[in-house]
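# Structural characterization, general
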Amino acid sequence: MADVAPFRAIRYARPSPSIVAPPYDVITPAERLELLRRDEHNVAQLTLADPESDAGERFRRWLDEGVLVRDDDLAFWLLEQDYVGPDGVERTRSGLVASLQAEPYETGAVLPHERTHAGPKESRLRLLRAANAQLEPILLLYDAPPSTERPDRDPYVAVEGSRLWRLPDDFGPAEAFSGRQLLIADGHHRYETALAFQAEQGTPESGRVLAVLVSASDPGLHVFPTHRVFAGRPDLGFDGATMSPEEALAQLAATPYERAAAVAYRDGEGVLVEGDAGELDVELVDRFGHEGIAYTPDWRDAVARVDRGDADVALLLRPTRIEDVFTRAERGEVLPQKTTYFFPKLLSGLLFLPLE
């Protein structure tokens, strides 16, 4: 059973749109500068501090100055996010905000589904050492009904489509997580960094992470596909009946998930490409390697890159089903990069988890 607990949050005394930011790993250098100009206390001053050691001094100074405040009592929180997905559909995703004990994957309490790289983990570890706090949440899924309902009162904060409620003191979600495994949806690098930090510090609290736990049956949870675009790959050719990309995508949507499939688009035409039974779409396209690869969540953008001559071929995919990700993770299998695209990203700057 995963160790899910309430926590004493650190948060902004005066939350506003000017102090929040997307996660560190999706912010471009130009966007970082704009966030820093927007507000001298924007959370990017912490999550993208350069050098990372500045984040610790800044975090403690903001606490001393009252920019940040520390809660006296333990609490769980409810987070709702309104969004319009890449498919143009409006949805609301809900999750429980909690403190989660990071455990080695071998225990089976928390499951990964994507590979990680050393570079980002080294940077996040320097940040953890400096701040001694988890500055950004990670997203995890659990296979059970949602564990809480929205309180009948105004949220503590409402910003950029996100709303946050402190839950009642008697709220206890133990039943929702009893015997359940958690699947990391977004935040593999930060989770593994927490394990490394705990190994360094040797204390239980140093291995806790700020987690947003979303039910796999939440109506607002949706996995979007990430399409592949290849440049400098004239070797990629595909046989089959040609058609417009719209017709090919309709054929792809009608193909049972039991067999891998994708649409290959080049020279103005689409072709349905099929893989093996029991294979996932992302595993089919991973056969073609990563040389010259780029990614986009928008199939029209992928097609346009080919039409402009910026790429040789686009491979258009269906969303990976959540149940397939769970199944592979339970078997200990790690899936190709960009297997899933969970949208929207979690906002940074709503809550912080101190590790004292």
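Residues numbered from 1 in each chain as written. Predicted model: local features only at pLDDT ≥ 70, side-chain atom pairs only at ≥ 80, totals over all residues. Heavy atoms only, no water.

### Quick notes on the sheet that holds strand 16 (residues 259-266)
Pairing in this open sheet of six strands is antiparallel, and the strands run 15-17-16-19-14-18 from one edge to the other. The sheet is open, and its two borders are formed by strand 15 (242-243) and strand 18 (293-296), each paired with just one other strand. Where strand 14 (residues 227-230) meets strand 18, four bridges bridge the pair, whose relative direction is antiparallel. By the bridge assignment for strand 18, His 227 is matched with Thr 296. (Pairing = 2+ DSSP bridges. Helix = DSSP H or I, 4+ residues; strand = E, 2+ residues; numbered from the N terminus.)

### Points about the side chain of Glu 103
Among the secondary structure elements, Glu 103 is positioned in the loop between strand 5 (90-101) and strand 6 (110-111). If we skip the residues at most four places from it in the chain, Glu 103 touches Met 1, Ala 2, Asp 3, Ala 109, Tyr 191 and Leu 195. (Contact = heavy atoms within 4.5 Å.)

### Structural notes on the packing of helix 3 (residues 53-65) against helix 4 (residues 118-131)
Two numbers describe how helix 3 lies on helix 4: the axes approach to 7 Å, and their chain directions differ by 30°. By the angle class used here, helix 3 and helix 4 are roughly parallel. Remark: the crossing between helix 3 and helix 4 carries right-handed chirality. Note on element contacts: helix 4 touches helix 3 through Leu 127, Ala 130 and Ala 131, opposite Ser 53, Ala 55, Gly 56, Phe 59 and Arg 60. Residues that form the contact of helix 3 with helix 4 fall into these classes: five nonpolar, two polar and one charged. (Axes fitted to C-alpha atoms, helices over the stretch in contact; angles between N-to-C directions. Parallel < 35°, antiparallel > 145°, perpendicular 65-115°, else oblique. Left-handed = near helix turned anticlockwise from the far one by under 90°. Nonpolar A, V, L, I, M, F, W, Y, C, P; charged D, E, K, R; others polar.)

### A look at the environment of Gly 119
Examined against the element boundaries, Gly 119 turns out to sit in helix 4. The sequence separation of Gly 119 and His 189 amounts to 70 residues, and the corresponding C-alpha distance is 9.4 Å.

### What to know about the pattern of salt bridges
Applying the stated criterion to the full structure yields 27 salt bridges. With its nearest N and O atoms 3.0 Å apart, the salt bridge here joins Glu 356 to Arg 70. Pair noted here: Glu 356 is in the segment after strand 21 (353-354) and Arg 70 is in strand 3 (residues 68-70), with a separation of 286 residues, a long-range link. For Arg 70, a relative accessible area of 41% gives the class partly exposed. Among the salt bridges present, the one from Glu 80 reaches Arg 163, with a minimum N-O distance of 2.6 Å. Here the residue Glu 80 occupies a position in strand 4 (residues 77-84), and Arg 163 occupies one in strand 10 (residues 162-166), the gap between them amounting to 83 residues. According to the relative accessible area criterion, Arg 163 is buried, its value standing at 17%. The network of salt bridges with shared partners includes Glu 80, Asp 82, Arg 150 and Arg 163. (Salt bridge = Lys/Arg side-chain N within 4 Å of Asp/Glu carboxyl O. Buried < 20%, exposed > 50% of the residue type's maximum accessible area, 1.4 Å probe, protein only.)

### Overview of the environment of Arg 8
The residue Arg 8 is located in the loop between strand 1 (4-5) and strand 2 (10-12) in this model. In this structure, the C-alpha to C-alpha distance between Arg 8 and Asp 73, residues 65 residues apart in sequence, is 5.7 Å. Leaving out residues up to four positions away in the same chain, Arg 8 has contacts with Asp 71, Asp 72, Asp 73, Leu 74 and Pro 354. Looking at Arg 8, its side chain comes within polar contact range of the main-chain oxygen of Asp 72, at 3.0 Å. (Polar contact = N/O pair within 3.5 Å; in protein donor to acceptor, adjacent residues only side chain to side chain.)

### Remarks on the pairing of strand 5
Within strand 5, nine of the 12 residues are buried, which leaves the element mostly enclosed by the surrounding structure. Pairing analysis gives two bridges linking strand 1 to strand 5, with the strands arranged antiparallel. Paired with Ala 5 across the bridge in strand 5 is Ser 99. Relative to strand 5, strand 4 runs antiparallel, the two being bridged by eight bridges.

### Comments concerning the environment of Gly 179
Tracing the backbone shows Gly 179 in the loop between helix 5 (174-177) and strand 11 (182-186). The spatial distance from the C-alpha of Gly 179 to the C-alpha of Ala 109 is 8.6 Å, given a sequence separation of 70 residues.

### Examining the nonpolar core
Grouped together as the largest cluster of nonpolar side chains are 73 residues, with contacts concentrated most on Phe 59, Val 97, Leu 141 and Phe 352. Here Phe 59 is in contact with Ile 10, Leu 46, Leu 68, Ala 131, Ala 133, Leu 135 and Phe 352, once residues within four sequence places are set aside. Within the second largest apolar cluster, 26 residues are counted, among which are Ile 138, Leu 167, Ala 211 and Leu 213. (Core = buried A, V, L, I, M, F, W, Y, C linked by side-chain atoms within 4.5 Å.)

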